[in-house]
Amino acid sequence: MANLIATDHDLAVIVEKVQNGERLTLEDGLTLYHSPDLLTIAQLANQSNLKKNGNKVYFIQNMYINPTNVCEAKCAFCGYRRDPGEDGAYTMSPDELLEYVGKRFTSGIREFHIVGGHNHMVPFDYYLDTISILKKHYPDVTIKAYTGAEIEFFARITGRTMEDVLKDLISAGLDTLPGGGAEILTERYREKMSPDKASTDQWLEAHRIAHQLGLKTHATMLYGSIETKEERLIHMLRLRELQDETHGFMVFIPLAMQPKSINASIKRRTSAMDDLKTIAISRLMLDNFPHVKAYFINIGTQLAQLATHYGSSDLHGTLVEERISHAVGALSQTALTRDELIWLIQGANRIPVERDTFYNEIKVYE
């Protein structure tokens, strides 16, 4: 690494630790969050990322699918969920699911990203059938389905263990778990913001079991509401600890909280400074994660492009139709084309790499 001279003297020790390959502590993370020297933090994160991934920035051609928005949970941040029978509530039948996918599918799509409500009005077989039907009709497409919180929900409604639930899902065609449902992995946060969903320990256990069963998975963090900076770092450290144990996470995805309305004041949104600093600090704290993703849906395409110099090595994918963040106040596009993603990455002087779900390289756009 090139030698850095921090304008904030409090960063000098951290610069030395990072450049010597030493692991950062929670206190180091707080120092980074409190520092005004964003450019030094960016350079540190950029160097750490380049050491892991070189100049490559990854993306995938994928499709979001939300089979149902009926949900027993009432999370404070969600504008997508509906109660049974409420206006706008829906649950796709198998035929409706296939019709939805068939109208939007293109030959380059390699992943179905499936997330929906915790719909307690349908049996567990509904969730199994969603996977098996898609796998039958699109056998070459990876099924990324059901968050750790949904795995706990399935176990609860069936009276079975999360391990048994996961084994059934894998038999139906599940290939990986998405990272959602993590929000902030502290109980103070979860009791206020998502009291009806999996606890911190249950979310982590769902992914631990998935890793033990051979699945590689994803991890998110929903930041920008009531959590403290310390809680963000506790979240990262809990993920880092599980990664030390299982080596099962592929990527960390910081998700900026969206306000309930598209017309919300900018004061209700995360700032560009916070978004970039959080991505950079994530890269520095999560030294055992291969990738950190800049999610353009929540921070916008231009900031996501800039984030490739703040420690991010992934710009997510084409999506086709994102609905959950756009059910509240997301201002970004609901999708991007492959050519637009390539343009964004090349515009950052990085090398675009089309990947599959597991970061196997499909095509490098030199």
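This structure is a prediction, so every number in the text was calculated from the model and none was measured.

**Q** Help me out: how do you make sense of the pairing of strand 4 (residues 142-145) in this one?
**A** Consecutive side chains along a regular strand alternate between the two faces of the sheet. Both faces of strand 4 are covered, namely the face carrying Thr142 and Lys144 and the face carrying Ile143 and Ala145. Pairing geometry for strand 3 (residues 111-114) and strand 4, over four bridges, is parallel. In the strand pairing of strand 4, isoleucine 114 is matched with alanine 145. Remark: the strand 3/helix 5 (residues 124-137)/strand 4 crossover connection has right-handed handedness.

**Q** Is there a simple way to think about the packing of helix 5 against helix 7 (residues 162-172) in this case?
**A** For any two helices packed against each other, the geometry comes down to the angle between their axes and how far apart the axes lie. Put simply, helix 5 and helix 7 touch, their axes get as near as 8 Å, and they point 30° apart. Comparing the axis directions of helix 5 and helix 7 gives the class roughly parallel. Seen from helix 5, the contacting residues are Phe124, Leu128, Ile131, Ser132 and Lys135; seen from helix 7, they are Val165, Asp168, Leu169 and Ala172. Split into classes, the residues belonging to the contact of helix 5 with helix 7 amount to six nonpolar, one polar and two charged.

**Q** In this structure, what is going on with the sheet that holds strand 4? I would like to understand it.
**A** Sheet strands line up and pair through hydrogen bonds in the backbone, either parallel or antiparallel. What the three strands build is an open sheet, ordered 2-3-4; its pairing is parallel. The sheet is open, and its two edges are formed by strand 2 (62-65) and strand 4, each paired on a single side. The sheet shows a mean angle of 20° between the axes of neighbouring strands, taken without regard to direction. As paired elements, strand 2 and strand 3 share four bridges and run parallel to each other. Along strand 3, the bridge assignment pairs methionine 63 with phenylalanine 112. The strands touched by helix 4 (residues 94-104) are strand 2 and strand 3; relative to strand 2, the strand with the most contacts, the crossing angle is about 150°.

**Q** What am I meant to see in the packing of aromatic side chains here?
**A** Aromatic rings considered in pairs are described by the distance between their centres and by the relative angle of their planes. Evaluated as defined, the whole model comprises 15 aromatic pairs. Between phenylalanine 105 and tyrosine 138, the ring centres sit 4.6 Å apart and the planes meet at 45°, which makes this aromatic pair tilted. Highlighted residues: phenylalanine 105 in the loop between helix 4 and strand 3 and tyrosine 138 in the loop between helix 5 and strand 4, separated in sequence by 33 residues. Positioned above the aromatic ring of tyrosine 359 is the side chain of arginine 355, whose terminal nitrogen or guanidinium carbon lies 4.2 Å from the ring centre.

**Q** Got a minute to help me understand the sheet that holds strand 1 (residues 56-60) in this structure?
**A** Ordered in space as 8-1-9-10, the four strands form an open sheet in which the pairing is mixed. The two strands at the open ends of the sheet, each matched to only one other strand, are strand 8 (314-317) and strand 10 (361-364). Neighbouring strand axes in the sheet, compared pairwise and without regard to direction, differ in orientation by 25° on average. Taken together, the four bridges between strand 1 and strand 9 (residues 351-355) define a ladder with parallel strand orientation. In the strand pairing of strand 9, lysine 56 is matched with isoleucine 351.

**Q** What's the story with the UniProt feature "binding site: [4Fe-4S] cluster" (unreviewed entry) in the protein chain in this structure? I'm lost.
**A** Here the UniProt-annotated "binding site: [4Fe-4S] cluster" (unreviewed entry) positions come out as Cys71, Cys75 and Cys78. Tracing the sequence through the fold places cysteine 75 in the loop between strand 2 and helix 4. Residue classification places cysteine 75 among the buried residues on the basis of a relative accessible area of 10%. Those residues in contact with cysteine 75 that sit more than four places away from it in its chain are Met193, Ser194 and Lys197.

Cut-offs used in this document
Residues numbered from 1 in each chain as written. Predicted model: local features only at pLDDT ≥ 70, side-chain atom pairs only at ≥ 80, totals over all residues. Heavy atoms only, no water. Buried < 20%, exposed > 50% of the residue type's maximum accessible area, 1.4 Å probe, protein only. Helix = DSSP H or I, 4+ residues; strand = E, 2+ residues; numbered from the N terminus. Pairing = 2+ DSSP bridges. Right-handed = clockwise from strand over helix to strand, strands pointing away. Axes fitted to C-alpha atoms, helices over the stretch in contact; angles between N-to-C directions. Parallel < 35°, antiparallel > 145°, perpendicular 65-115°, else oblique. Contact = heavy atoms within 4.5 Å. Nonpolar A, V, L, I, M, F, W, Y, C, P; charged D, E, K, R; others polar. Phe/Tyr/Trp six-rings, centres within 6.5 Å; stacked < 30°, edge-to-face > 60°. Lys NZ or Arg CZ within 6 Å of the ring centre and 35° of its normal. UniProt positions renumbered as here; feature names shortened; annotations may be inferred.

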